[in-house]
Amino acid sequence: MKSQNKKIAIALAVLAVLAVIFGAVYFFNRPQGTAGEKTIEVAVIFGDGTAGNHTIKTSEEFLRGALEQEKLISGEESQYGLFVKTVDGVTADDSKQEWWFFSKDGQMLETSVDSTPIADGDHFEITLTSGY
């Protein structure tokens, strides 16, 4: 029985060490925002193809902060951050399988609005998209 308890204790210690290592790797490799004042461009492309262009001057380091500063987005909090439902006053219609697609210089963002860092001169697009 003592041998079994010793094995469990060793396994738990190994798991704890691995958790600390993975946490440290994430901490040092997570997206970093740029401090200071910056200006970004945001194009909102609506379902009918029209666009609204916004120039945002901000000291925020991440996209969510800059968009919320201008009251351009709202949504629901999830375990992954903000799930954006409304952009520039237009709410995506779930019954039509609509959702907002975020890109930077035409390339899909691989991070959420919460963790997308911004830098001076960045250009983002937010497109109302249909179909899952």
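Refer to the structure printed above.
Scope of this entry: the structure provided in the associated data block. These numbers come from a predicted model, not from an experiment.

## Some remarks on the environment of Ala51
Line of reasoning, step 1. Relative to the elements of secondary structure, Ala51 occurs in strand E2 (residues 51-58).
Line of reasoning, step 2. The partly exposed category is assigned to Ala51, whose relative accessible area is 47%.
Line of reasoning, step 3. Residues Ala51 and Ile126, spaced 75 residues apart in sequence, show a C-alpha to C-alpha distance of 9.5 Å.
Line of reasoning, step 4. Excluding its chain neighbours within four sequence positions, the residues that come into contact with Ala51 are Val44, Ile45 and Phe46.

## Description of the nonpolar core
Line of reasoning, step 1. Formed by 22 residues in total, the largest nonpolar core has its most connected members in Ile40, Val42, Leu63, Leu67, Val84, Trp100 and Phe102.
Line of reasoning, step 2. Those elements that provide at least two residues to this core are strand E1 (38-45), helix H2 (63-69), strand E4 (81-87), strand E6 (98-104) and strand E8 (123-130).
Line of reasoning, step 3. Every residue in contact with Val42, bar those within four places of it in the chain, is listed here: Gly52, Asn53, His54, Ile56, Leu67, Phe124 and Ile126.

## Some details on the environment of Met108
Line of reasoning, step 1. Take Met108: it is sitting in strand E7 (residues 107-108).
Line of reasoning, step 2. On the basis of relative accessibility, which here comes to 54%, the residue Met108 falls in the exposed class.
Line of reasoning, step 3. C-alpha separation for the pair Met108 and Phe124, spaced 16 residues apart in sequence, amounts to 9.7 Å.
Line of reasoning, step 4. With residues up to four places along the chain from it excluded, the contact list for Met108 reads Phe101, Phe102 and Ser103.

Here is what the cut-offs are and how they apply
Residues numbered from 1 in each chain as written. Predicted model: local features only at pLDDT ≥ 70, side-chain atom pairs only at ≥ 80, totals over all residues. Heavy atoms only, no water. Helix = DSSP H or I, 4+ residues; strand = E, 2+ residues; numbered from the N terminus. Buried < 20%, exposed > 50% of the residue type's maximum accessible area, 1.4 Å probe, protein only. Contact = heavy atoms within 4.5 Å. Core = buried A, V, L, I, M, F, W, Y, C linked by side-chain atoms within 4.5 Å.

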